[in-house]
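Coordinate analysis (summary)
These are the residues of each chain, in order.
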Amino acid sequence: MIRPTLLRMMWMALATAGCGASDDIYPYEISCRADSDCQGDEVCFIDGCGDPGRNIVVEVVPNPKGGLYAQDFPVNELRSQQNLELFDPAMLQGQVRVASTEAPSGYSAPVTLRLTGESLLIPGLVRRHESTLTPSDGLYMLPVGSGRYNVTLIPTDPVLPPLSNTRDVQPGRAVTLDFVLPALADLVRLSGKVVRPNQLPLGALMEAQALDDELRPLSQRVQVDASGNFSLSLPPSALLLPTVVVQVMPTSAEALVPQKQFTVNPRQALLGSLSLGDYGDPVTYQGRVLDQDGKPVPQATVYLQGKVGGGGQYRSRKVLTDERGDFTLSTLPSSPESAMTLSVIPPSGSPAGFTVRSVSVPRNVTTRGPDVVCGDRMKVRGTLRMPSGSLWAAGVRVVAEPIDAVPGWPAPSFSVEAARPTDDMGRFEIALDPGQYRFDFIPTDDLPRVSRIVSVRPGDGILSDGSMELAPFTLSNGRRITGLVSFGGEKRNLPTVPYASVRFFRVVNVEGKPSALLLTQTLTDQNGTYSTTVPTR
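What comes next is a walk through the structure. (Residues numbered from 1 in each chain as written. Predicted model: local features only at pLDDT ≥ 70, side-chain atom pairs only at ≥ 80, totals over all residues. Heavy atoms only, no water.)

Along the backbone of the protein there are one helix and 42 strands. In terms of its C-alpha atoms, the protein occupies a principal-axis envelope of roughly 80 × 70 × 40 Å. For the protein, the residues scored as buried account for 49% of the 537 residues in total. Within the protein, contacts between residues at least 6 apart in sequence are counted, and of these 66% link residues at least 24 apart. Separation of charge centres in the protein, based on 49 positive and 54 negative side chains, amounts to 2 Å. (Helix = DSSP H or I, 4+ residues; strand = E, 2+ residues; numbered from the N terminus. Buried < 20%, exposed > 50% of the residue type's maximum accessible area, 1.4 Å probe, protein only. Contact = heavy atoms within 4.5 Å. Lys, Arg positive; Asp, Glu negative; His and termini not counted. Charge placed at Lys NZ, Arg CZ, Asp CG, Glu CD.)

As structure tokens, then:
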């Protein structure tokens, strides 16, 4: 059993070493496609050959609804019986006070704490928490998962500005983070008025917010009244900035009004009004989406975005094409100086691929644009072999998870699963937009999942039929890992942990960047025990 004291030492060592994988140990070079390419007991992973029992981190999520959040356990040497003893819940605690000429006083009105970050030990694994609470004489305590967080405190009182700081929260630890809200008399007031030319109404409910030059909030979002007036409250530190950005935006994504940013001096009153400019009246843009064969593409997502008259930015709501491939968008006209971007995202499983077109949307008329003909997604084909290498692996699910963009293309927006598992000859086919993907091969029998990184670029590896053929991959043998998840620390006398999520990750460097590969995932049973399969030689 891994106990808290030993775990904490291992955790600290792994965190200090950069999440357990140094650049010189795991350079990114695919030197294998099967375990037989590796020496000794090593297994072929996405980063090359490696020891399947090392560089492992286990995430356990006991019961979020009960205030028991994610804990990460570094594993120095993976054993067949891998018991996990949980730490006490990690806590973020501290005091919220209000500055004054005398001693700061405790703040006892509702606040929202918003934490965004990721695991300290599993690169790229996002952790988020949000809770609205009322401090008791300024004191608060919030259970959270272990992780590295940006913490933002947002008072319910919209006059008080948000405050932000960063903290690392380790398993079983209580981390202190105090906030001092500025006194009302010290706030920097920034009032103004949003207008349209010719005294036209704004056309939608609007909000205003002050941001710094890196677009981090300096004030809360406040409502713009019916006459266009607003008043922002900034912290005293805003006076040290040469300029701040006032962002004005509609409160609804459905509104046919642009958002616009204005650079202002926080030490001066806003001279004149903030004009959204002449962005025109709403118009209708229609079109049709076809594939390469001239057939309609139904259920494709279509939207427009870009610069509009007056210098603001606009993004239309998303619509779906009908069975004929037709779509109708309500939008603002494009700026006279530039076109807008029409984005078309065919549904998963469609042979048609992601397509972008520059279009001009004129004023005062309904416009029907030319047909949008989508290029085909690239068909990526490959074969899988059983661990012996002599038999084909049938019935294996193939999932492509997007991890990055390739030059000249936007990052893919969703994962794609092959329409069918591998056939009796181990073959699979999956249609993808350009991008870098992690291919996960998930067998149905007692074998572990295997992953590889594949870059899909137009022109790379194109066969005569326009497809991309991958070299054959070989699955790994598996070994069963079982264990008991139990409480430690102050909760040691409680029963074991039923129905907890347990995930095993291998932490490595891919192309010089710390990355985490999911090896397996499972749930504990009603007795707190789990059983799962991981790769072995």
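The next thing to look at is the pattern of salt bridges. Going through the model one piece at a time under the given rule, you end up with 24 salt bridges. The salt bridge partner of E59 is R127, with a shortest N-O separation of 3.1 Å. Taken together, the residues span a long stretch of sequence, with E59 in strand β3 (residues 56-61) and R127 in strand β9 (residues 126-133) at a distance of 68 residues. Of the two residues examined, E59 and R127, each falls in the buried class. Shared partners join several salt bridges into a network, and the residues in it are E59, D72, R127 and R503. (Salt bridge = Lys/Arg side-chain N within 4 Å of Asp/Glu carboxyl O.)

A few words on the sheet that holds strand β42 (residues 529-536). Through backbone hydrogen bonds, the strands of a sheet pair up, either in parallel or in antiparallel fashion. Overall, mixed pairing links the three strands, which are arranged β5-β39-β42 in an open sheet. Single-partner strands in this sheet number two, and they are β5 (84-86) and β42. Each strand axis lies, on average, 30 degrees off the axis of its neighbour in the sheet, ignoring direction. Pairing of strand β39 (residues 477-487) with β42, which is carried by eight bridges, proceeds in the antiparallel orientation. Among the inter-strand pairings, I481 is bridged to a residue of β42, identified as T532. (Pairing = 2+ DSSP bridges. Axes fitted to C-alpha atoms, helices over the stretch in contact; angles between N-to-C directions.)

As a further point, take the state of the cysteines. All chains considered together, the criterion is met by two disulfides. Disulfide pairing is shown between C32 and C44; the S-S distance is 2.1 Å. Between C32 and C44, the S-S torsion sits near 90 degrees, and that sign places the bridge as right-handed. Of this pair, C32 sits in the loop between α1 (4-16) and β1 (43-45) while C44 sits in strand β1; the two residues are 12 residues apart in sequence, bridging distant segments of the chain. Take C32 and C44: they sit in the same class, and that class is buried. Put simply, C38 and C49 are joined by a disulfide, and their sulfur atoms are 2.0 Å apart. For the disulfide bridge between C38 and C49, the dihedral angle about the S-S bond is near -85 degrees, and by the sign convention the bridge is left-handed. Separated by 11 residues along the polypeptide, C38 in the loop between α1 and β1 and C49 in strand β2 (residues 48-50) bring together distant segments of the chain. In the protein, the bonded cysteines, taken in the order they occur along the sequence, pair up as 1-3, 2-4. (Disulfide = S-S within 2.5 Å.)

The final tally for this structure, using the stated rule, is seven aromatic pairs. Ring geometry for F428 and F441: centres 5.7 Å apart, planes at 50 degrees, overall tilted. Of the two residues, F428 is situated in strand β34 (residues 427-432) and F441 in strand β35 (residues 435-442); the sequence distance between them amounts to 13 residues. Consider the rings of F439 and F441, whose centres lie 6.3 Å apart with planes at 65 degrees: the pair is edge-to-face. (Phe/Tyr/Trp six-rings, centres within 6.5 Å; stacked < 30°, edge-to-face > 60°.)

We now examine unusual backbone geometry. With phi around 60 degrees, Q299 is a residue other than glycine that occupies positive phi space. Since its relative accessible area comes to 42%, Q299 is described here as partly exposed. Even without glycine at this site, N364 takes up a positive phi of about 65 degrees. Tracing the chain through its elements places N364 in the loop between β28 (355-359) and β29 (367-368).

Next up on the list: the side chain of Q247. Assignment of secondary structure puts Q247 in strand β19 (residues 244-250). Of the residues examined, Q247 reaches a relative accessible area of 10% and is grouped as buried. A polar contact is formed between the side chain of Q247 and the side chain of Q261, at a distance of 2.8 Å. When neighbours within four sequence positions are excluded, Q247 is seen to be in contact with E207, A208, Q209, L211, Q259, K260 and Q261. (Polar contact = N/O pair within 3.5 Å; in protein donor to acceptor, adjacent residues only side chain to side chain.)

What follows is about the sheet that holds β3. The sheet built from four strands is open, its strands ordered β4-β3-β40-β41 with antiparallel pairing. In this open sheet, the two strands that pair with only one neighbour each are β4 (71-75) and β41 (513-523). The average angle at which neighbouring strand axes cross in this sheet is 25 degrees, direction not considered. As paired strands, strand β40 (residues 501-510) and β41 are joined by 10 bridges and run antiparallel to one another. Bridge pairing in β41 places R503 opposite Q521.

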